[in-house]
Amino acid sequence: MPLYELGLGSEKIHVIIDIGSYHTKIGFAGEASPRHIIPSYNVKRNNEVVNICDPKLSKAELADELITFVHAIYFRYLLTNPKDRKVVICENFLQTELFRETLAEVLFKQFSVVGVMMTPALPLSLIPLGTPTGLIVNVGYHDTSVICVYEGMIILQSYLTVELGTHAHLMAIQRMISESGTVKVGSEMKKASELYGELDLSVLEDIRARTCFCGERPAELKDPAFTQSGVNTAHRASDMSYPMSDGYHLLVSGKIRERSVEVLYDGDGEDNSIATLVLDSLLKCPIDCRVELAGRILVIGGGSMLAGFDHRLKQELTALLEHSRFSKLSPGKLKFYKPNYFRNTMSWTGGAIMGSVEHLHDRYVSRDFYNAKGSATLPNWSSLAPQLKDSFQSTGTPTRRSSTPLRDFMSSPISSTTLPPISNLSLS
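Analysis parameters
- Residues numbered from 1 in each chain as written.
- Predicted model: local features only at pLDDT ≥ 70, side-chain atom pairs only at ≥ 80, totals over all residues.
- Heavy atoms only, no water.
- Helix = DSSP H or I, 4+ residues; strand = E, 2+ residues; numbered from the N terminus.
- Buried < 20%, exposed > 50% of the residue type's maximum accessible area, 1.4 Å probe, protein only.
- Areas by Shrake-Rupley, 256 points an atom, 1.4 Å probe, with all protein chains shown as cover.
- Core = buried A, V, L, I, M, F, W, Y, C linked by side-chain atoms within 4.5 Å.
- Contact = heavy atoms within 4.5 Å.
- Pairing = 2+ DSSP bridges.
- Axes fitted to C-alpha atoms, helices over the stretch in contact; angles between N-to-C directions.
- Parallel < 35°, antiparallel > 145°, perpendicular 65-115°, else oblique.
- Left-handed = near helix turned anticlockwise from the far one by under 90°.
- Nonpolar A, V, L, I, M, F, W, Y, C, P; charged D, E, K, R; others polar.

Things to note about the overall build of the protein chain
- Counting its secondary structure elements, the protein chain contains 15 helices and 18 strands.
- Looking at the 428 residues of the protein chain, the share that counts as buried comes to 50%.
- As displayed, the protein chain offers around 20300 Å² of accessible surface, 50% of which is attributable to carbon and sulfur atoms.

In structure tokens, the structure reads:
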């Protein structure tokens, strides 16, 4: 229980849940970072792993998995009573209606939460920066997504995704280790593929976190005839020794450390990479918004926590602006935010700030209102129709509103005193 919750008569601090395709962040409103980051899956007694975001799950299977998952959140990790607190769900843009409706049903019917607010996760990452405008690049586990937000309003046509993320980088590391990785056994050097075959994902993730970084843009890419950098590029990094669980040491070459990340910039085979995704998203925005958005780029997600990621992305964007595909785009000077929070928890932190603001109490769907109206009460961010304004008031009929929670928050009086001014934020 947070220490500031010990006062009598005050409302319980809200629970913030950010469900990702691979990890879920959980904690309490008003805190700077989540209490726990847990896998987004359940492990059954037969060691079967079931991801709660798996689209192949039926409604009954999904409900069972969510009950187990939410029960663990409240009673194993947060150690709190769900009936006493409202919940803020930071949801994925591409989350299915089946998932959000089943999740709401589980929260209200099985755990009797007081109220639920569902809001898109990506725009929430702008709240810790104190700005309603930004181009958000989210480098996730399975894919990378880009969305532009202007004055608190989501530019929906600018939302683009590409299947390049942490998993693609891990597979590139595995491929390079299989091809050239060596292990020191006594006084001999043996091939890593002969001793270990394919490494576990947990080992690959540790190798990535401990040894890898984003190097400078390869010089050979300046040759117009050279289309892909691949892994055969020059490198400056030195080799490193990585200790394995059996006591041997895997030699991680400088090429693996510096150039395995090239898979994120080579593209997916259809000329789509993280850099092209950013510029394509800008092209889909109104022309009078592009310069401001290009000067407010925010890179988030666990996949972007490699050293030198922003610098390399800026190099790629600058080079692509000379390409005929983006010749009509004049974004001005490219600038990147340097947030003071961890990049992999920026959306959760924005949800924690939003959940601590009383001004948005009407954005929650209450338990009584849900039990009376059902899943039709859940607001749909993608709909242009005005949404029901849920009411915790005892009288009156719920009114309607069409703005987003982010725009409501930025227009509230408390945002000007809670958030840092734009001039105090670091841009490069």
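What to know about the nonpolar core
- In terms of nonpolar packing, the biggest core is built from 55 residues, with Val137, Leu250, Phe309, Leu313 and Leu317 touching the most fellow members.
- Ignoring anything within four residues of it in the chain, the contact list for Phe309 reads Val139, Cys214, Leu264, Tyr265, Ile274, Val299, Gly303 and Ser304.
- Within the second largest apolar cluster, 48 residues are counted, among which are Cys53, Phe108, Trp348 and Tyr370.

A few points about the environment of Ile207
- The topology assignment puts Ile207 in helix 6 (residues 201–211).
- For Ile207 and Val252, which are 45 residues apart along the polypeptide, the C-alpha to C-alpha distance reads 8.4 Å.
- When residues no more than four places from it in sequence are discounted, the contact partners of Ile207 are Ile173, Ile177, Leu199, Cys212, Tyr242, Leu250 and Val252.

Brief notes about the pairing of strand 13 (residues 240–243)
- Looking at chain direction, strand 13 and strand 14 (residues 249–252) are connected through four bridges and run antiparallel. Paired with Met240 across the two strands is Val252, which belongs to strand 14.
- Between strand 13 and strand 14, which pair antiparallel and follow one another directly, the connecting turn spans five residues, one of which, Gly247, has a positive phi of 95 degrees.

As for the packing of helix 9 (residues 274–283) against helix 11 (residues 309–320)
- Running from N to C, helix 9 and helix 11 cross one another at 60 degrees; their axes reach a closest spacing of 9 Å. Between helix 9 and helix 11, the crossing angle belongs to the class labelled oblique. The handedness of the crossing between helix 9 and helix 11 is right-handed. Where helix 9 approaches helix 11, its residues Ile274, Ala275, Thr276, Val278 and Leu279 are matched on the opposing element by Phe309, Leu313, Glu316, Leu317 and Leu320.
- Across the contact of helix 9 with helix 11, the residue classes break down as eight nonpolar, one polar and one charged.

Comments concerning the sheet that holds strand 9 (residues 144–150)
- Read from one edge of the open sheet, four strands run 10-9-8-15, paired in mixed fashion. Two strands lie at the open edges of the sheet, namely strand 10 (153–162) and strand 15 (297–300), each paired on one side alone. Adjacent strand axes in the sheet meet at a mean angle of 15 degrees when their direction is disregarded.
- When strand 8 (residues 134–139) meets strand 15, the two strands line up parallel, connected through four bridges. Bridging across to strand 15, Ile136 finds its partner in Leu298.

What is shown is where atoms sit, not what they do.
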